[in-house]
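Fold and geometry: a report
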Amino acid sequence: MAPSVLAPPPPGSGLKPVPGVPGLPYLGGTLAAMRRPFELARERYDAYGAVSWDWLLGQRTVTVQGPEATEAVLVNRDKAFANGPAWSYFIGPFFYRGIMLLDFEEHLHHRRIMQQAFTRDRLRSYMDAMAPGIAAGLDAWEPGRDFRFYDHVKKLTLDLATDVFMGVELDRAEADRVNGAFIDAVRAGTAYVRAPVPGLRWHKGLKARKELEAFFYRHLPAKRRDGGDDLFAALCAAETDDGHRFTDEDVVNHMIFALMAAHDTTTITLTTMAYYLAKHPEWQERLRDESLALGKPVLEFADLDALTGVDMAMKEALRLVAPVPALPRRVVKDTEILGYHVPAGTTVVVTPLTNHHMAEWWPDPERFDPERFAPGRREDKVHRYAWHPFGGGAHKCIGLHFAGMQVKSILHQLLLKRRWSVPGRYTWPLDTTSLPSPKDGLPVRLDLLENR
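What comes next is a walk through the structure. Since the model is a prediction, treat every value here as computed from it, not as a measurement. (Residues numbered from 1 in each chain as written. Predicted model: local features only at pLDDT ≥ 70, side-chain atom pairs only at ≥ 80, totals over all residues. Heavy atoms only, no water.)

Observations concerning the packing of helix α13 (residues 308-320) against helix α15 (residues 400-417)
- Interaxial distance between α13 and α15 falls to 11 Å at its minimum, and their mutual angle equals 120°. Put simply, α13 runs oblique to α15. In this structure, α13 crosses over α15, and the sense of that crossing is right-handed. Contact residues: V310, D311 and M314 in α13; G404, V407, K408 and L411 in α15.
- Of the residues assigned to the contact of α13 with α15, the class counts are four nonpolar, one polar and two charged. (Axes fitted to C-alpha atoms, helices over the stretch in contact; angles between N-to-C directions. Helix = DSSP H or I, 4+ residues; strand = E, 2+ residues; numbered from the N terminus. Parallel < 35°, antiparallel > 145°, perpendicular 65-115°, else oblique. Left-handed = near helix turned anticlockwise from the far one by under 90°. Contact = heavy atoms within 4.5 Å. Nonpolar A, V, L, I, M, F, W, Y, C, P; charged D, E, K, R; others polar.)

What about the pairing of strand β12 (residues 418-421)?
- Here β12 shows a buried face lined by R418 and W420 and an unburied face lined by R419 and S421.
- Taken together, the four bridges between β12 and strand β15 (residues 443-448) define a ladder with antiparallel strand orientation. What sits directly across from R419, in β15, is D447. (Buried < 20%, exposed > 50% of the residue type's maximum accessible area, 1.4 Å probe, protein only. Pairing = 2+ DSSP bridges.)

Digging into helix α8 (residues 172-188)
- When the terminal C-alpha atoms of α8 are compared, their 24 Å separation across 17 residues agrees well with the 24 Å that a helix rising 1.5 Å per residue should span.
- E174, A175, V178, N179, A181, F182, A185, V186 and A188 are the residues of α8 that are buried.
- For α8, the elements touching its buried residues are α7 (149-166), α9 (201-226) and α11 (248-279). (Expected span 1.5 Å × (residues − 1).)

Examining empty space enclosed by the protein
- Per the counting criterion, the structure on display carries three cavities of 30 Å³ or more.
- Size it by volume and the second largest cavity reaches roughly 40 Å³.
- Lining the second largest cavity we find T157, L160, A161, V164, F165, A262, H263, F402 and Q406.
- Secondary structure elements with two or more residues in the lining of the second largest cavity: α7, α11 and α15.
- The leading source of residues in the lining of the second largest cavity is α7, at five residues.
- Considered class by class, the residues forming the lining of the second largest cavity number six nonpolar, three polar and no charged. (1 Å grid on protein atoms, 1.4 Å probe; cavity = no way out; pocket = protein on both sides within 12 Å on 5 of 7 lines; lining within 4 Å. Points joined across faces, edges and corners; volume = space filled by probe spheres on them.)

Considerations on the sheet that holds strand β10 (residues 340-342)
- Strands sit in the order β2-β10-β9 across an open sheet of three strands; the sheet is mixed. Unpaired on one side and paired on the other, β2 (16-17) and β9 (335-337) mark the two borders of the sheet.
- Pairing analysis gives three bridges linking β9 to β10, with the strands arranged antiparallel. Bridging across to β10, T335 finds its partner in V342.

Details of a nonpolar patch on the surface
- Together, L31, Y192, V193, V197 and L200 give the surface a local cluster of nonpolar side chains, amounting to about 380 Å² of exposed area.
- Here Y192 is to be found in the loop between α8 and α9. (Patch = residues over 30% accessible without salt bridge, like charges linked within 9 Å, V, L, I, M, F, W, Y side chains within 5 Å. Areas by Shrake-Rupley, 256 points an atom, 1.4 Å probe, with all protein chains shown as cover. Salt bridge = Lys/Arg side-chain N within 4 Å of Asp/Glu carboxyl O.)

As for the layout of surface pockets
- For the largest pocket, the calculated volume is near 930 Å³.
- Contributing to the lining of the largest pocket are 33 residues, with D311, K315, W387, L400 and H401 lying nearest its centre.
- Where the lining of the largest pocket is concerned, the elements lending two or more residues are α6 (120-139), α13 and α15.
- Its residues assigned to classes, the lining of the largest pocket shows 16 nonpolar, seven polar and 10 charged.
- Considered as a void within the structure, the second largest pocket measures approximately 340 Å³ in volume.
- Along the wall of the second largest pocket there are 19 residues; nearest its centre are F38, Y276, E366, W428 and L430.
- Elements that contribute at least two residues to the lining of the second largest pocket include exactly α2 (37-48) and α11.
- Grouping the constituent residues of the lining of the second largest pocket by class yields nine nonpolar, four polar and six charged.

In structure tokens form, the structure reads like this:
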């Protein structure tokens, strides 16, 4: 198929038109982008360079690759790229007015209030609160030869989210209903049929949103009255120096979004770490020795920086499988990216999942090598946006420190309690049609850790 351009640049601007091969209208490269993203990204980069366009889920979409183009979009110096209308197309009906769906001054206003829920003291209290739940959850993991790691860690992180974030006592049935609603809401974002057809993803997502709203509104009055050490209470009480606070609607919107963002990203990161630590047992033992040397069954806030090996392995896992594979933006006024004209109304997508595999920036990119992040190498420092699993600019993930804290807390206890492995020739079937996850649930052999 002959190359096509997105739109001609203004005469005399000196800008270039964005090239691409759009394929069929509406669908374009949607299926390929979901099913074989790494190969497609390489093909697009080789054919068109860092900036190209295609149809994606019914939208004319410009995909940018590499750190220079990523920086141009995420730093957003001339405020041409908006989060809200871009993310709303995918998840707006299900995560309405979450912090990631707000823009410019309104986003900054909400972020300033929300930051009160992520202070060092708050993080320390969350960490203390989650420790017993981590221990109880891991102790319930039965050793065996077909232990589905992804399924179990997803249940654990959902349980921790409802406990530590909500601070509400739930029976098993209600916890399962809330957890199921979150799963349906997340899956709805990449539905092919984007209409409320009963039984399909979009319809299930809309139903899930109503269930989550009803849940939080039911518990909100008591949470405002009684407070607590959980995120729900923190958002109810958060106040800026000039007295701004969240409305009830704001609290509900931010809670629904925060729980989704927290449990899904942590689940994916821990699953990726588990996979590569099973494939590379020498690294699993190295990290276990590090945790044993700490001499504590539960990680404390002051110990977070001591686990340097865990930190490197976590960063490498985030490089190999970015939990949020794509970061969309809507162009709100004509702009340019690396000299290419991008007209208003265009959707632009930054792709951490594939950017982190570019050989131009990462030597031997498919190899699991946590030492990339060691002080003497720091391959991520080749460019400030070579590694960007948490986004960047004004919309850099507000919960990134919480995420790292939770991953390290869970992994520390897991290393002390269990050992896990996979057959030597096993390669996980990574499903990238939505958020990345193993199609088979990552079956591992799980063993009790022998006394050493």
